[in-house]
Amino acid sequence: MESLKFASLALPPPFRRSGMLGNWLNFPLLTIDSAAQFCYCKADLAAASSSIPLPHLRFSCRFSPSVATATLTSNLYTKDWILHSTAQIENIITSNEDQSMWEACKQALSAFNFSDEEKVKILGKAFGLVHSPYWGEERKTEVPKFETVKGILDYLRSLNLSDDDLSKLLKKFPEVLGCNLEEELKGNVKILEEQWSINGNSLRKLLLRNPKVLGYNVDCKGDCIAQCTRCWARF
C-alpha cells in the first residue's frame, strides 16, 4: 500500500481524482517496482544495456529518467562492490589451505540458500576481509575457520533459532560470525537471561529484532567511549 501511496503522489493532477489511480496503474507500459517502492516507466532495454547515455533513452511516458538513473546506478554499485570485494579477498586468501577453509565456510552457509555473493559478503564482513562499520578499526583481518563458523551456527540453533531465523539474522548482522563465541555470544545470552530474565521464545524474538546484542562487549553507562556499535547503552 505504501508504494501505491507514493505512486499517487507522483501522478499528474488529472490522475489524482477518485477512480483514476486504477486506470493509471493498468496502463500497459507502466511498471511498479515494489522492492524500491516507486514507479517508473520502461526504457528501451536494448539502449539501457548499451553505453548510450540515459538522456537519449526512449521512455514510454512523460516521467524524468532520474528514477531509471537511480535504478541503474544501484545495480552498477552492487556489481562494483562484488568485483571489488572479490578481488580484495583473493589478495588475502592465497594459499591452498586458506582457499580450502574459505570454501568450507561458504559451504557451512549453504543451508540458508544464500547466493554466492551473499556468502562472500557475510563472511567478508564477519572476518574483516571487507570493510564493515561495525568493527571500526579494531577487527583484525583473518581467514575464517570452518570450526569457528560451525560452532557459532550450532550455538545459535540451540537458542531455538530455525534456519529461516538464522538467514534473517545473518543478513541483518553478518558480523556475528566473527564475534567471540564464549566471551561475547554465550556471555551476552547469560546476561540477558540472568539480569533481564529474557529467555526461550522471548530471547528468540529479541535476537531477530536486535541481533547486535550478541556482540556487545562494552558498557559506557552513558559516558560515551566511541564504541557505540558494541555498547550495552544501545540496549
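Treat the numbers as computed from the prediction; the structure is a model and nothing was measured.

This next bit is on the overall build of the chain. On a plain count of helices and strands, the chain comes out with 10 helices and two strands. Beginning at the N terminus, the succession of helices and strands in the chain can be written as α-α-β-β-α-α-α-α-α-α-α-α. Considering only intrachain contacts with a sequence separation of at least 6, the fraction spanning at least 24 residues in the chain is 54%.

Ranked by internal contacts, the top residues of the largest apolar core, which has 43 residues, are Leu109, Leu156, Leu170 and Leu177. Elements supplying a minimum of two residues to this core: helix H5 (96-108), helix H6 (116-126), helix H7 (146-157), helix H8 (163-172), helix H9 (181-196) and helix H10 (200-209). When residues in this core are grouped by element, the largest group, five residues, is from H7.

Another point: unusual backbone geometry. We note that asparagine 113 has phi near 60°; this positive angle belongs to a residue other than glycine. If you trace the backbone, asparagine 113 turns up in the loop between H5 and H6. A relative accessible area of 70% places asparagine 113 in the exposed class. In this structure, lysine 221 is a non-glycine residue whose phi angle is positive, near 55°. Among the structural elements, lysine 221 can be located in the segment after H10.

Burial in H10 covers these residues: Leu203, Leu206 and Leu207. Buried residues along H10 cover an arc of 95° about the axis, so they all sit on one side.

Moving on, we get to the side chain of aspartate 98. By secondary structure assignment, the location of aspartate 98 is in helix H5. Look at aspartate 98: it is buried, it has no salt bridge, and the nearest opposite charge is lysine 145 at 7.5 Å. Aspartate 98 has contacts with Ile92, Ile93 and Val143, leaving out every residue within four places of it along the chain.

The predicted coordinates should not be examined in detail at positions where pLDDT is low. Averaged over every residue, the pLDDT of the chain is 77; residues scoring 70 or more account for 63%. Low pLDDT, under 50, characterises residues 2-10; the stretch is placed with 11 contacts to residues that sit more than four places away or in other chains. Contacts from residues 13-52, a stretch scored under 50 in pLDDT, to residues over four places away or in other chains number 52 contacts.

In this section: the state of the cysteines. Evaluation of the coordinates by the stated rule reveals zero disulfides. The closest cysteine sulfur to the non-disulfide-bonded cysteine 220 is located on cysteine 231, 3.7 Å from its own sulfur. A relative accessible area of 15% means that cysteine 220 is categorised as buried.

Here we take up the environment of valine 130. Following the sequence through the fold, valine 130 ends up in the loop between H6 and H7. Looking at valine 130, the relative accessible area reads 5%, which means it is buried. Taking the C-alpha atoms as reference, valine 130 lies 9.2 Å from valine 120; in sequence the two are 10 residues apart.

Now for the pattern of salt bridges. According to the stated counting rule, one finds 12 salt bridges in the structure shown. Among the salt bridges present, the one from glutamate 103 reaches lysine 106, with a minimum N-O distance of 3.8 Å. Here the residue glutamate 103 and the residue lysine 106 both occupy positions in helix H5, the gap between them amounting to three residues, near one helical turn. Among the residues examined, glutamate 103 registers a relative accessible area of 44% and is labelled partly exposed. Residue lysine 106 is classed as buried on the basis of its relative accessible area of 10%. Residues lysine 221 and aspartate 219 are paired through a salt bridge, measuring 3.6 Å at the closest nitrogen-oxygen approach. Look at lysine 221 and you get exposed, because its relative accessible area is 71%. Because the salt bridges share partners, they merge into one network encompassing Lys150, Asp154, Arg157 and Asp163.

Calculation notes
- Residues numbered from 1 in each chain as written.
- Predicted model: local features only at pLDDT ≥ 70, side-chain atom pairs only at ≥ 80, totals over all residues.
- Heavy atoms only, no water.
- Helix = DSSP H or I, 4+ residues; strand = E, 2+ residues; numbered from the N terminus.
- Contact = heavy atoms within 4.5 Å.
- Core = buried A, V, L, I, M, F, W, Y, C linked by side-chain atoms within 4.5 Å.
- Buried < 20%, exposed > 50% of the residue type's maximum accessible area, 1.4 Å probe, protein only.
- Arc of directions from axis to C-beta.
- Lys, Arg positive; Asp, Glu negative; His and termini not counted.
- Salt bridge = Lys/Arg side-chain N within 4 Å of Asp/Glu carboxyl O.
- pLDDT = per-residue confidence, 0-100.
- Disulfide = S-S within 2.5 Å.

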